[in-house]
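The primary structure of each chain is shown beneath.
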Amino acid sequence: MRIMPASIARIIYPKDLPNGLFTSLIIACLLLGLASLRNGTDLQGWLNVIENWLLMLLILPTATATVALPFKYRDRTLELKLVYYLGMFVAFLFTLGKLRYWH
């Protein structure tokens with residue numbers, strides 16, 4: 001059973017690595033973003049969820065890929081998709097720490 005069409009998967013996922021690994025990272029980030037609803041399900045709670053999703057799925061991975069652009073210029077074999085997912089994993093770990101220590 002395919003979750004998404006093969007043409008989209010070729011664009012989104014890096015080559016030669018299991019797609020399920022990256023799909024599970026995206027799902028884990030989405031679920032971890034919902035942890036902000038522990039303070040309430042009003043508008044402020046949902047704004048916190050959207051903020052966490054933007055931080056984990058867009059802002060930190062994009063910043064990591066932007067920092068890696070000089071390395072891509074130097075080494076053409078570097079895949080920026082891998083760097084993007086590395087940034088997503090770092091954001092996931094940061095959010096885990098944030099939820100643990102920031103009350």
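Given the structure is predicted, the values throughout are model-derived calculations rather than measurements.

A closer look at a nonpolar patch on the surface
Nonpolar side chains collect at one region of the surface, where Leu-43, Leu-47, Ile-50, Leu-54, Leu-58 and Ile-59 lie side by side and expose about 560 Å² of accessible area between them. Mapping Leu-54 onto the fold places it in helix 3 (residues 43-67). Classification of Leu-54 as partly exposed rests on a relative accessible area of 40%.

A word on the environment of Arg-10
Tracing the backbone shows Arg-10 in helix 1 (residues 6-12). Arg-10 sits 59 residues away from Leu-69 along the chain, and the two C-alpha atoms are 21 Å apart.

Re the packing of aromatic side chains
In the structure shown here, the tally under the stated rule is 2 aromatic pairs. Judged by centre distance (4.6 Å) and plane angle (40°), the rings of Phe-22 and Tyr-85 are tilted. Here Phe-22, found in helix 2 (residues 19-33), pairs with Tyr-85, found in helix 5 (residues 80-101); they are 63 residues apart in sequence, far enough to count as distant. By relative accessible area, which is 7% here, Phe-22 ends up buried. Seen from their ring centres, Tyr-84 and Tyr-85 are 6.1 Å apart, and the 85° between their planes marks the pair as edge-to-face. Relative accessible area serves as the criterion here: at 24%, Tyr-84 is assigned to the partly exposed category. Since its relative accessible area comes to 6%, Tyr-85 is described here as buried. Each residue in the set Phe-22, Tyr-84 and Tyr-85 is aromatic and connected to the rest through ring pairs, giving one cluster.

What to know about the side chain of Thr-23
Note that Thr-23 resides in helix 2. Look at Thr-23 and you get buried, because its relative accessible area is 14%. A distance of 2.9 Å separates a polar atom in the side chain of Thr-23 from the backbone oxygen of Asn-19.

Focus: the packing of helix 2 against helix 3
Any two packed helices are characterised by how steeply their axes cross, that is the angle between the axes, and by the distance between the axes. Look at helix 2 against helix 3: their axes get within 8 Å of each other, and the N-to-C directions meet at 150°. Comparing their axes, helix 3 and helix 2 come out roughly antiparallel. Crossing handedness for the pair helix 2 and helix 3: right-handed. Residues Cys-29, Leu-30, Leu-32 and Gly-33 of helix 2 lie in contact with helix 3, whose contacting residues are Val-49, Asn-52, Trp-53, Met-56 and Leu-57.

Describing the nonpolar core
Here is a general trend for soluble globular proteins: nonpolar side chains tend to be buried in one another's company. Core analysis: the largest hydrophobic core is formed by 10 residues, namely Tyr-13, Phe-22, Leu-25, Cys-29, Leu-32, Met-56, Tyr-85, Met-88, Ala-91 and Phe-92. Every element with two or more residues in this core is listed here: helix 2 and helix 5. Those residues in contact with Leu-25, other than ones at most four positions away along the chain, are Tyr-85, Met-88 and Phe-89.

So, the UniProt feature "transmembrane region" (unreviewed entry) in the protein
Those residues carrying the UniProt feature "transmembrane region" (unreviewed entry) are residues 53-71 and 83-102 in this numbering. Helix makes up 95% of residues 53-71 and strand 0%, and the two end C-alpha atoms of the span are 27 Å apart. Secondary structure across residues 83-102 comprises 95% helix and 0% strand; the distance between its end C-alpha atoms is 27 Å.

Here is what the cut-offs are and how they apply
Residues numbered from 1 in each chain as written. Predicted model: local features only at pLDDT ≥ 70, side-chain atom pairs only at ≥ 80, totals over all residues. Heavy atoms only, no water. Patch = residues over 30% accessible without salt bridge, like charges linked within 9 Å, V, L, I, M, F, W, Y side chains within 5 Å. Areas by Shrake-Rupley, 256 points an atom, 1.4 Å probe, with all protein chains shown as cover. Salt bridge = Lys/Arg side-chain N within 4 Å of Asp/Glu carboxyl O. Helix = DSSP H or I, 4+ residues; strand = E, 2+ residues; numbered from the N terminus. Buried < 20%, exposed > 50% of the residue type's maximum accessible area, 1.4 Å probe, protein only. Phe/Tyr/Trp six-rings, centres within 6.5 Å; stacked < 30°, edge-to-face > 60°. Polar contact = N/O pair within 3.5 Å; in protein donor to acceptor, adjacent residues only side chain to side chain. Axes fitted to C-alpha atoms, helices over the stretch in contact; angles between N-to-C directions. Parallel < 35°, antiparallel > 145°, perpendicular 65-115°, else oblique. Left-handed = near helix turned anticlockwise from the far one by under 90°. Contact = heavy atoms within 4.5 Å. Core = buried A, V, L, I, M, F, W, Y, C linked by side-chain atoms within 4.5 Å. UniProt positions renumbered as here; feature names shortened; annotations may be inferred.

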